[in-house]
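Results of the structural survey
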2 protein chains.
Amino acid sequence: MSSQANISASDRFSLITRDLDEVLGADIIKAILEKEERPLSAYWGTAPTGRPHVGYLVPLTKIADFLRAGVEVKILLADIHAFLDNLKAPIELVRHRVNYYRHVLTAVFKAIGVPTDRLIFVVGSSYQLTEAYNMDNYRLCASVTEHDAKKAGAEVVKQVASPLLSGLLYPGLQALDEQYLGVDMQFGGVDQRKIFTFAEQYLPKLGYKKRAHLMNAMVPGLKGSKMSSSDNSSKIDFLDTPKEVSKKIADAVCAPGEVEGNGVLGFARAVLFPIARLRVESEAMGTPVSEAQGASKSFVAPDAPKGSMFSIVRPEKYGGSLHYSDYPSLEKDYASGAVHPADLKKAVAEAITTLLEPVQTLFEKDAEFKKAKEDAYPEDTPVVKKKEKKINPRFAHLYTKEEGGTAETEEKALANQKAEEEKKAAAKAAKRQQQVTLPADKEEVQPTDKENETFVEAARAGVENVHLEKK
Amino acid sequence: MSSQANISASDRFSLITRDLDEVLGADIIKAILEKEERPLSAYWGTAPTGRPHVGYLVPLTKIADFLRAGVEVKILLADIHAFLDNLKAPIELVRHRVNYYRHVLTAVFKAIGVPTDRLIFVVGSSYQLTEAYNMDNYRLCASVTEHDAKKAGAEVVKQVASPLLSGLLYPGLQALDEQYLGVDMQFGGVDQRKIFTFAEQYLPKLGYKKRAHLMNAMVPGLKGSKMSSSDNSSKIDFLDTPKEVSKKIADAVCAPGEVEGNGVLGFARAVLFPIARLRVESEAMGTPVSEAQGASKSFVAPDAPKGSMFSIVRPEKYGGSLHYSDYPSLEKDYASGAVHPADLKKAVAEAITTLLEPVQTLFEKDAEFKKAKEDAYPEDTPVVKKKEKKINPRFAHLYTKEEGGTAETEEKALANQKAEEEKKAAAKAAKRQQQVTLPADKEEVQPTDKENETFVEAARAGVENVHLEKK
């Protein structure tokens, strides 16, 4: 399916902005769409600090609308930010996680069934360490007050007793990213609002144009709060088995008849229905989503009427199956008690499993995808075989044949060990006589900035900006 | 005179640290001096924001001790900081000022009579925009709390109601400079103390070694407060005439018998006596300061006894001339009233004029030095000739011959002007009919980051790191 499908400018605008909580700079978007000279360009950023989970489907589902509307979508994999987030994590790991994120996110868009020919991954370190970018960072810091920087990050930067200086830099860097990625708009959760208005205020002061900002509503996590990659119990991994998915959904917040703060309903509204709607729309436009091209199966039962988006399959004795062609009808039935939490949970778990299936199929087939995961999360990969202890031939006489050495008996091995120790002690004493070190002779050794070089090199050698399936 | 003069390690240490207010990390310095494997390396930084004045002689006089002791001295000309200090100043100007500072400072060391073969100028932009430096800046910002950064800059960064973010970055950048300049110690006024201890605390956290820090006491300006490059009335420029010097010294704070806060006495103590002492010491070591190599004349009268450093020449009727071989004797005489403010001012003005003489001689002889000043301070250079107004040949018929045009009479010129205007109006109307612009067709033009590129290029093309008179 091509993103060049013939959709009018106003239809594209509707597709791009639907379901959003807020749009700033709609005129910027409209002007470019109406001019039709080039594709609209958007950016969404994520720091590959942990491991992507189904909570990521909330922004990705909205991004699917962008891709469907022919928008060029740049996904910034902010490796430097991820590295700074936890300076103790090895640099190599961040590089591998960047790679894994790229694989997972691409697979998800394929599963949703939207074109990925205008999906571009950009690794932060590919431009965030350049002279021009850093000069602009300095210029920005010489224009922005501490107060404004603090205010901009208030909702996104962790508010702690002793905040780090980096927290004040991030809003400015995120503003510069819009310029350096060369996009027309930035997309994010509505928690980014202050960062977005900060960018609108300050980019023009550097002589750069103001960008549009599109904001998703915040969605309650399955446990009722925002899903976090560090909260293992609530997150559903993209590689979780159907059983694991069911178990985690079973544990989710889903009070009978209650809509507010219901993580399962929220997920259906923000992820499952929009994905199903894209499928229905594609079909209506004569460009149906294709399972052969990696899209998932639909979330509806085979006997559902045409146009259905979501099915709750249950025996006749419990009221029979239900089929929904929009979310509000489901919410109404849930609020009235016509749909029981157990019914909803089962249907949502099945839909998630359905969506994850092609992602996992791709993972199993694609050796690079598998390797990316192993490298990115080595602790998850069981160590298959421990290396056997190898004995240096020079010391083989210190061990018995049973131990892999050459000594005929235990006694001989012990005698050899004693002789070796005496030899060592004598050599040490001789050396001590040769050199008498004065304290003043000891100079502190200058540490190399090896670690730093390694990062820069790793980042460069690592995932380059990849334009997928460019035609 | 070579900096390799045979001075013992402990004598070098005394020379390097004498007169200082505070030394942190003396053991670091001693260890390197005693090892004698390589020269000790020091750094002092200045942002070429304005124009250097004789207030700069306070740090330069101490740096002269370093050079005399064989220390490799790196003077950081912080062009990026200067640019950020006033974003409205054209970038080109900063580049020219860097160049002028280099000329002036070199001339001053020659005038003092110390070797300059280990004097190295480093332009900040030569390394402060590199990937490695910026990665370290990010790493530092992710380790430093806002609180610590603020505390470090408290005495140096302007304390205003709405402080800029850049003020929080500077302490970290100054710490990184120690690493990237590859020095063993940093020198500055004691107002830098918190920045220095900040560097000692944080560089090791990045895996870099802790440096030594040498601090000069603060010296009262000639007007009683610290001399600033923006306060034109009190500053004595290195190119001021003897008359201008006398006038400015005459206006200086110098209450009879008062030592505290006396700018003229302070200048004698911090600049004139140390410079004179270097001369006396050089003579004693058999390597006299050479006027042929650009050094100034001495500050003593021809009839002064050997070892004198400073003379107050006055007629017998006012008590006759006085010659001092150390500063405390002068201070004592001034406090007792034996030396009158007018006597002191006259002698100090003459000493300054004596010191500036070879600087100004070099300026007059060196076309590049002159050009550097013209480019750096164009407002000081009188515009010699205004360009005459040139008339475009196409419009020559609109002007009389007297005005430089071709019309024979005033009437003909006016008639031609009227005809031209009618032609223009008709063309405009025709154009208006051809194109009807819809508001939606107007797209905001993306500004180039030309300005930024220009800076980076300018900085690169500009003054490179110069190692003077490398042998």
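Residues numbered from 1 in each chain as written. Chains lettered and ligands numbered in written order. Predicted model: local features only at pLDDT ≥ 70, side-chain atom pairs only at ≥ 80, totals over all residues. Heavy atoms only, no water.

Chain A is annotated in an unreviewed UniProt entry as Tyrosine--tRNA ligase from Sporisorium scitamineum. Per its UniProt entry, chain A bears the Subcellular location (unreviewed entry) comment "Cytoplasm". Reading the Catalytic activity (unreviewed entry) entry of the UniProt record for chain A gives the comment "tRNA(Tyr) + L-tyrosine + ATP = L-tyrosyl-tRNA(Tyr) + AMP + diphosphate + H(+)". (UniProt positions renumbered as here; feature names shortened; annotations may be inferred.)

This part is about helix 8 (residues 166-180) of chain A. Residues and elements named next belong to chain A. The terminal C-alpha atoms of helix 8, which comprises 15 residues, lie 20 Å apart, in line with the 21 Å expected from a rise of 1.5 Å per residue. Of all 15 residues in helix 8, 13 are buried; the element is thus mostly enclosed. A positive phi of about 65 degrees marks Gly182, the residue just after helix 8. (Helix = DSSP H or I, 4+ residues; strand = E, 2+ residues; numbered from the N terminus. Expected span 1.5 Å × (residues − 1). Buried < 20%, exposed > 50% of the residue type's maximum accessible area, 1.4 Å probe, protein only.)

Quick look at the pairing of strand 4 (residues 119-123) of chain B now. Residues and elements named next belong to chain B. Counting buried positions along strand 4 yields 5 of 5 residues, so the element is predominantly enclosed. Of the two faces of strand 4, the one lined by Leu119, Phe121 and Val123 and the one lined by Ile120 and Val122 are each fully buried. Relative to strand 4, strand 3 (residues 72-77) runs parallel, the two sharing 5 bridges. When the bridges of strand 4 are listed, Val73 appears paired with Leu119. (Pairing = 2+ DSSP bridges.)

Another aspect to go through is the domain arrangement of chain A. Residue and element names in this part refer to chain A. Along its sequence, chain A is carved into domain 1 (9-219), domain 2 (242-380) and domain 3 (385-423). In this structure, domain 1 and domain 2 have C-alpha centres spaced 27 Å apart. Contacts between domain 1 and domain 2 engage 29 residues on the former and 33 residues on the latter. Together, the buried faces of domain 1 and domain 2 total about 2,500 Å²; carbon and sulfur atoms form 65% of this surface. Run the count over domain 1 and domain 2 and you get 2 salt bridges. Between Asp19 and Arg277 there is a salt bridge, with the nearest N and O atoms lying 2.5 Å from each other. The interface formed by domain 1 and domain 2 contains 8 residue pairs in polar contact (both at pLDDT 80 or more). Secondary-structure elements contributing two or more residues to the side of domain 1 that touches domain 2 are helix 3 (57-68) and helix 5 (91-112). For the side of domain 1 that touches domain 2, a count of residues per class yields 16 nonpolar, 6 polar and 7 charged. (Domains from an automatic or database assignment. Contact = heavy atoms within 4.5 Å. Buried area = accessible area lost by both parts, 1.4 Å probe. Salt bridge = Lys/Arg side-chain N within 4 Å of Asp/Glu carboxyl O. Polar contact = N/O pair within 3.5 Å; in protein donor to acceptor, adjacent residues only side chain to side chain. Nonpolar A, V, L, I, M, F, W, Y, C, P; charged D, E, K, R; others polar.)

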